[in-house]
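# Overview (structure and organization)
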Amino acid sequence: MRKDMIVVEIRNNINNKKTNQPKYIDIDTGLRLRKFDGKFDFALEWYKDEETVKLVDGKDAELYDTDRLKRMYDYLNDKGELYFIEVNMGNEYIPIGDVTFWKEDMPIVIGNKNYRGKGIGYKVIKALIQRAKILNYDKIYVNEIYSYNISSQKTFEKAGFRKYKENKNGYSYILELK
């Protein structure tokens, strides 16, 4: 198997919208995506962090409170497949970030700073590229990555995305699958 290949196991399918969102997407033995279940209290600390919110919502964004976080997750869950990114810590998985996937966008946040820069975002993106192929998407997009978020730009480019449009605050990306 090639070093950059990621084998994704999708299990426990539960109907969600039109895509039949799986309950789990196992990326490797230590990393998985878990379908959003409406519980998110642990994520509030990620969105109370100024650096994280700047990467997510822009330089002038305000920090989140519980109500704003609930509105965000409700919106994202309605738009696409919302998952928590979880790492295996021995006998349990702990959430370290979130990602939402639909054809027009793939916002991803590694909320726990201890897990940034470790290749997790890349693995998640590659797993969701495989998900896009399962859903027979011909292309997928990233709506905007801020110009100062060089790490995210490099991660998406490493996964095969290319810049196709410059926006006011950053760039839009596309990946052609067919």
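Up top you'll find the structure we're talking about.
Description of the structure in this document. Small disclaimer: the values here were computed from a predicted structure and weren't measured. (Residues numbered from 1 in each chain as written. Predicted model: local features only at pLDDT ≥ 70, side-chain atom pairs only at ≥ 80, totals over all residues. Heavy atoms only, no water.)

Glancing now at the packing of helix H3 (residues 120-134) against helix H4 (residues 150-158). Their axes nearest at 9 Å, the elements H3 and H4 cross at an angle of 40 degrees. The angle between H3 and H4 falls in the class oblique. Where H3 crosses over H4, the two elements pack in a sense that is right-handed. Where H3 abuts H4, its residues Gly121, Tyr122 and Ile125 lie against Thr155, Phe156 and Lys158. Looking at the contact of H3 with H4 residue by residue, the classes come out as 3 nonpolar, 2 polar and 1 charged. (Axes fitted to C-alpha atoms, helices over the stretch in contact; angles between N-to-C directions. Helix = DSSP H or I, 4+ residues; strand = E, 2+ residues; numbered from the N terminus. Parallel < 35°, antiparallel > 145°, perpendicular 65-115°, else oblique. Left-handed = near helix turned anticlockwise from the far one by under 90°. Contact = heavy atoms within 4.5 Å. Nonpolar A, V, L, I, M, F, W, Y, C, P; charged D, E, K, R; others polar.)

Below, the discussion takes up unusual backbone geometry. Although it is not a glycine, asparagine 136 sits at a positive phi angle of roughly 60 degrees. Along the chain, asparagine 136 falls in the loop between H3 and strand E7 (139-146). Relative accessible area serves as the criterion here: at 56%, asparagine 136 is assigned to the exposed category. (Buried < 20%, exposed > 50% of the residue type's maximum accessible area, 1.4 Å probe, protein only.)

When you line up the elements, glutamate 62 lands in the loop between helix H1 (50-57) and helix H2 (66-79). You can call glutamate 62 exposed: its relative accessible area is 60%. Separated by 12 residues in the primary sequence, glutamate 62 and glutamate 50 place their C-alpha atoms 8.1 Å from one another. Residues within four places of glutamate 62 in sequence aside, it is in contact with Val53 and Arg68.

As a further point, take H1. Backbone nitrogen of glutamate 51 and a side-chain oxygen of the N-cap are separated by 3.3 Å at the start of H1; the cap is aspartate 49. Phi turns positive, to about 110 degrees, at glycine 58, one or two residues after H1. (Polar contact = N/O pair within 3.5 Å; in protein donor to acceptor, adjacent residues only side chain to side chain.)

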